[in-house]
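Analysis of the macromolecular model
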Amino acid sequence: MDDHDLAAALAAEAGELLCDIRAEGGEVGDRRANALLLERLARERPDDAVLSEEAPDDPIRLTRSRVWIVDPLDGTREYGEPPRQDWAVHVALAVDGVAVVGAVALPAVGLVLHTGSAPALPVAGPGPIRVAVSRSRQSEQVKHLVDALGATTVPMGSAGAKAMAVVRGDADVYAHSGGQYEWDSCAPVAVAAAAGLHVSRLDGSPLRYNRPDPYLPDLLICRPELADDVLAHVRGH
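Residues numbered from 1 in each chain as written. Predicted model: local features only at pLDDT ≥ 70, side-chain atom pairs only at ≥ 80, totals over all residues. Heavy atoms only, no water.

Comments concerning the packing of helix 5 (residues 159-167) against helix 6 (residues 182-194)
- At their nearest, the axes of helix 5 and helix 6 sit 9 Å apart, and the two run at 10° to each other. Classified by the angle their axes make, helix 5 and helix 6 are roughly parallel. Residue-level inspection shows Ala159, Gly160, Ala163, Met164 and Val167 of helix 5 in contact with helix 6, the latter providing Asp184, Pro188, Val191 and Ala192.
- When its residues are assigned to classes, the contact of helix 5 with helix 6 shows seven nonpolar, one polar and one charged. (Axes fitted to C-alpha atoms, helices over the stretch in contact; angles between N-to-C directions. Helix = DSSP H or I, 4+ residues; strand = E, 2+ residues; numbered from the N terminus. Parallel < 35°, antiparallel > 145°, perpendicular 65-115°, else oblique. Contact = heavy atoms within 4.5 Å. Nonpolar A, V, L, I, M, F, W, Y, C, P; charged D, E, K, R; others polar.)

Structural data, given as structure tokens:
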């Protein structure tokens, strides 16, 4: 398999496992999905490094051009509240700091979106702009953006679910300023970029991965025709 197909296959495998063991809770799900992904990557891409939310950070990754960045279970809380569907599995490959390969599985709806077969961006619908937001932790910057755009909100759980809502046409903007890590955004950013969406930091700068500190606090994914307005509003707040 090439890297795109591998990412999609691994996200699907981890998602199937998580569905099978969901009754055991999020802690078990995190651990089991992480073990599956690490074992498969060690077998399929032994020369590549891995950065995972659920594994100790190995500094050898900083010496490698190719680094797989994974979140075995994005949305542990949502996963632990069946029948919620707004959780995901992220599998991405960063090459020289750029998210070039990605797969985001939405296992509860039986869907894997990936860069090997880039999703077609739906035509924008009528009505106000829709912003995907957290159900419980909206930052002041995002609240300002919603007001400035005259937007409606689409509340949901995990970062991957929100990003894929924009890819799938269920939302128009996903802006985050509340603090994230590289594994939260790498796979969604790769998929969103492949679909033709705008992806950046909230200041408009490029998203870079495999940095010494994996903390990557903010993110913007939106329809390309909205990018200038969104960036102007978030920069001005």
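Remarks on unusual backbone geometry
- With omega at 10°, the peptide bond leading from proline 82 into proline 83 counts as cis.
- One can find proline 83 in the loop between helix 3 (76-79) and strand 3 (88-95).
- Although it is not a glycine, aspartate 96 sits at a positive phi angle of roughly 50°.
- Mapped onto the elements, aspartate 96 comes out in the loop between strand 3 and strand 4 (98-106).
- Phi at asparagine 210 takes a positive value of approximately 60°, unusual for a residue other than glycine.
- Structurally, asparagine 210 can be placed in the loop between strand 9 (198-200) and strand 10 (219-222).
- For asparagine 210, a relative accessible area of 13% gives the class buried. (Buried < 20%, exposed > 50% of the residue type's maximum accessible area, 1.4 Å probe, protein only.)

Some remarks on the nonpolar core
- Judged by nonpolar contacts, the single largest core of 36 residues is most densely connected at Ile69, Met164, Tyr174, Tyr209 and Ile221.
- Among residues more than four places away in sequence, those in contact with tyrosine 174 are Ala132, Ala159, Lys162, Ala163, Val166, Gln180, Leu219, Leu220 and Ile221.
- Counting residues in each nonpolar core, the second largest holds 24 residues, with Ala7, Ile21, Val28 and Val70 among its members. (Core = buried A, V, L, I, M, F, W, Y, C linked by side-chain atoms within 4.5 Å.)

Some details on the sheet that holds strand 8 (residues 173-176)
- Strand order in this open sheet of five strands is 7-6-8-10-9, and the pairing throughout is mixed. The open sheet terminates on both sides in strands that have one partner only, identified here as strand 7 (152-156) and strand 9. Strand-to-strand twist across the sheet, computed as the mean angle between neighbouring axes with direction ignored, equals 20°.
- Bridge count for strand 6 (residues 130-134) against strand 8 is two bridges, and the pairing is parallel. Looking across to strand 8, one finds that alanine 132 is bridged to tyrosine 174. (Pairing = 2+ DSSP bridges.)

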